[in-house]
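# Report on the structure
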Amino acid sequence: MLRVIHIASAYVVQFTIMKKKVMIANWKLHPETKREAIKNFRSIKENGKKLRNVETVICSPFVYLNSLSDEVSGHRVQVGAQDVFYENSGSFTGEISPTMLADLKVSYSIVGHSERRALGETNQDVANKVSALIAQSIVPIICVGEQQRDDTNYLSFVKDQVLSGVAEIPKSALPRVMFAYEPLWAIGTSANRSATSKEAQEMKLYIKKVVTDYSSEYGGRVPILYGGSTNPDNTEEFLKDGEVDGLLVGGASLDPDSFTEMLEIANNVTKKLKNT
Ligand code: PGA
C-alpha cells in the first residue's frame, strides 16, 4: 500500500512540477548531527509548506533520510538523496539502493554531481543510476557541467553528459528526470564566481535543444535547473533573467533562513510569471 502511495506521489510531483520552480537543497556533508538536521528541516518546512509555487527538496546525507522522511507532510517540501547505487541488492559494501530510498519515501536523488564524478563516477554509472531510480519512481536530478568555459568544447562536453545520462531509460520517461546545470568553476567554496544569468540561460536553452532534438515528444517537458554559488542575492536574477526552472543550492541551503529567503523569492518570481 505504501508503495502505491509513493508511486502516486511521484506522478503528482511530475504533473505539477513545470508550473512551479524547483528549489533543491544539497546539504553535502552537513550538518554534523541528526538533531541539527531535523531542526533545520523543520524550519525550512514550516515556511516552505506555505509556498504554493515552489517545490522544495532537501537532499541530506543518507544517515538522516529516515528521520527526515518521517517529518514530510504534504508534497511541497520533500526529501532527496545526494547519490544512490544502481543495483538493488548484492555484495556491494557501503552502497545504498534505490529500493531502500523508495522504502523511506525519498522522492528525488541527485546523480552525477561533479563532486561524485571527481571521485570516479562515469557517464555510464550515471546512466545506470538514472535507470534504477526511474524504476522506483524516484526523480533523478542529473548534474551536468563543464570544467572551464574557455574550453571550446564545453557545449559538446555537456551534450555528452546529457545524452548519456538518459541513455538507459525509455524516451517516455524523460519527463520524470531533471537536469541541473552546474559549471564546475561556479560551484562550492573554491568557486571563482557564480555564472551570470545569461550564461545559465544560454546553457538552459542549449540543454533544452539537446533533449528536444533527442525526443521532440518528451524532451520539452524536462526541467532544467542551475546550481553554483546561488544565494538570496542572485536567486531572482537566475530564475527570472536566466529562465531556469529552479536552483540546486549548496552552501546557502545550510542556513535555513537564507534558504527560506530563496524559497520566498522563487515563489514570488513564479507568481509574477504566472500573471504576465
Ligand atoms: P554551491 O554548491 O551552491 O555551494 O556552489 C552547489 C552544488 O554543488 O550543488
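The paragraphs below set out a description of the structure included in this document. In this text the structure is predicted, and so the values were computed from the model without any measurement. (Residues numbered from 1 in each chain as written. Predicted model: local features only at pLDDT ≥ 70, side-chain atom pairs only at ≥ 80, totals over all residues. Heavy atoms only, no water.)

## Re helix α7 (residues 154–165)
In plain terms, the rule: Every helix listed is a DSSP run of H or I at least four residues long, and every strand listed is a run of E at least two residues long, numbered separately from the N terminus. Helix span, expected: 1.5 Å multiplied by one less than the number of residues in the helix. The buried label goes to any residue with under 20% of its type's maximum accessible area, the exposed label to any with over 50%, and the partly exposed label to all in between, with areas taken from a 1.4 Å probe on protein chains only.
Taking 1.5 Å as the rise per residue, α7 with 12 residues should run 16 Å; its terminal C-alpha atoms sit 17 Å apart, in good agreement. Inspection of α7 places Tyr-154, Val-158, Gln-161, Val-162, Ser-164 and Gly-165 among the buried residues, and these make up the whole buried set.

## Focus: the sheet that holds strand β8 (residues 246–249)
What counts is decided by this rule: Two strands make a pair as long as DSSP finds a minimum of two bridges between them. Working convention: axes come from line fits to C-alpha atoms, limited for helices to the stretch in contact. Angles between N-to-C directions cover 0 to 180 degrees. Note on contacts: a residue pair qualifies if any of its non-hydrogen atoms lie within 4.5 Å across the two residues.
Read around the closed barrel, eight strands run β1-β2-β3-β4-β5-β6-β7-β8, paired in parallel fashion. Within this sheet the neighbouring strands show an average axis-to-axis angle of 25°, counted without direction. Alignment of strand β7 (residues 224–227) against β8, held across two bridges, turns out to be parallel. Looking at the pairing, Gly-227 lines up with Leu-248 of β8. Set on the sheet, helix α2 (residues 34–48) makes contact with β2 (54–59) and β3 (77–81); between it and β3 the angle comes to about 140°.

## Focus on the side chain of Thr-270
As for its position among the elements, Thr-270 is in helix α10 (residues 256–275). Looking at Thr-270, the relative accessible area reads 5%, which means it is buried. If sequence neighbours within four positions are ignored, Thr-270 has contacts with Lys-19, Lys-20, Lys-21 and Asn-53.

## Remarks on the packing of α7 against helix α8 (residues 197–214)
Defined as follows: Small angles under 35 degrees read as roughly parallel and large ones over 145 as roughly antiparallel, with 65 to 115 read as roughly perpendicular and the rest as oblique. Handedness of each helix crossing follows the sense of rotation of the near helix against the far helix: counterclockwise by less than a right angle gives left-handed, clockwise gives right-handed. Basically, the charged four are Asp, Glu, Lys and Arg, the nonpolar ten are Ala, Val, Leu, Ile, Met, Phe, Trp, Tyr, Cys and Pro, and anything else, Gly included, counts as polar.
Direction vectors running N to C along α7 and α8 enclose 50°, while the axes themselves pass 10 Å from each other. With respect to α8, the axis of α7 lies oblique. In this structure, α7 meets α8 at a crossing whose hand is right-handed. Residues Tyr-154, Leu-155, Ser-156, Val-158, Lys-159, Val-162 and Leu-163 of α7 lie in contact with α8, whose contacting residues are Glu-202, Met-203, Tyr-206, Ile-207, Val-210, Val-211 and Tyr-214. In the contact of α7 with α8, the residues fall into 11 nonpolar, one polar and two charged.

## So, the pairing of strand β5 (residues 139–144)
Counting buried residues in β5 gives six out of six residues, a clear majority hidden from the surface. In this structure, strand β4 (residues 108–111) lies alongside β5, joined through four bridges in parallel fashion. Residue pairing across strands places Val-111 opposite Ile-142, the latter belonging to β5. Across four bridges, the pairing between β5 and strand β6 (residues 178–181) is parallel. Bridging across to β6, Ile-141 finds its partner in Met-178.

## Considerations on the packing of aromatic side chains
Centre distance and the angle of the planes are the two values used to describe a pair of aromatic rings. Here is the rule we go by: Classification of ring pairs rests on two measures: the distance between centres of Phe, Tyr or Trp rings, Trp counted by its six-membered ring, which must be within 6.5 Å, and the angle between planes, read as stacked under 30 degrees, edge-to-face over 60 and tilted in between.
Per the counting criterion, the structure on display carries four aromatic pairs. Pairing Phe-85 with Phe-92 gives two aromatic rings, centres 4.9 Å apart and planes at 50°, and the pair type is tilted. Residue classification places Phe-85 among the buried residues on the basis of a relative accessible area of 10%. Ring centres of Tyr-181 and Tyr-226 lie 6.3 Å apart, and the angle between their planes is 55°; this geometry places the pair in the tilted category.

## So, the pattern of salt bridges
Here is the rule: Criterion for a salt bridge: a side-chain nitrogen of Lys or Arg within 4 Å of a carboxyl oxygen of Asp or Glu.
Overall, the coordinates contain 12 salt bridges when judged by the stated rule. Measuring nitrogen to oxygen at the nearest pair gives 3.3 Å for the salt bridge that ties Arg-116 to Asp-83. On the criterion of sequence distance, the pair formed by Arg-116 in helix α5 (residues 114–117) and Asp-83 in the loop between β3 and α4 (98–103) is long-range, its members being 33 residues apart. Put simply, Asp-245 and Lys-204 hold a salt bridge, and the shortest N to O gap is 3.7 Å. Here Lys-204 lies in helix α8 and Asp-245 lies in the loop between α9 (235–240) and β8, a separation of 41 residues in the sequence. Overall, the relative accessible area of 13% leaves Asp-245 in the buried class. In this structure Lys-204 comes out as buried when scored by relative accessible area, which is 9%. Beyond isolated ion pairs, a larger network of salt bridges with shared partners links Asp-83, Arg-116, Glu-121 and Lys-129.

## What to know about the pairing of β4
Walk down a regular strand and you will see the side chains alternate between the two sheet faces. Quick note on the threshold: By convention, orient the strands away from the viewer: a clockwise path from the first strand over the helix to the second makes the crossover right-handed.
Here β4 shows a buried face lined by Tyr-108 and Ile-110 and a second buried face lined by Ser-109 and Val-111. Relative to β4, β3 runs parallel, the two sharing two bridges. For Gly-80, the partnering residue across the bridge sits in β4 and is Tyr-108. In terms of handedness, the path from β3 via α4 over to β4 forms a crossover that is right-handed.

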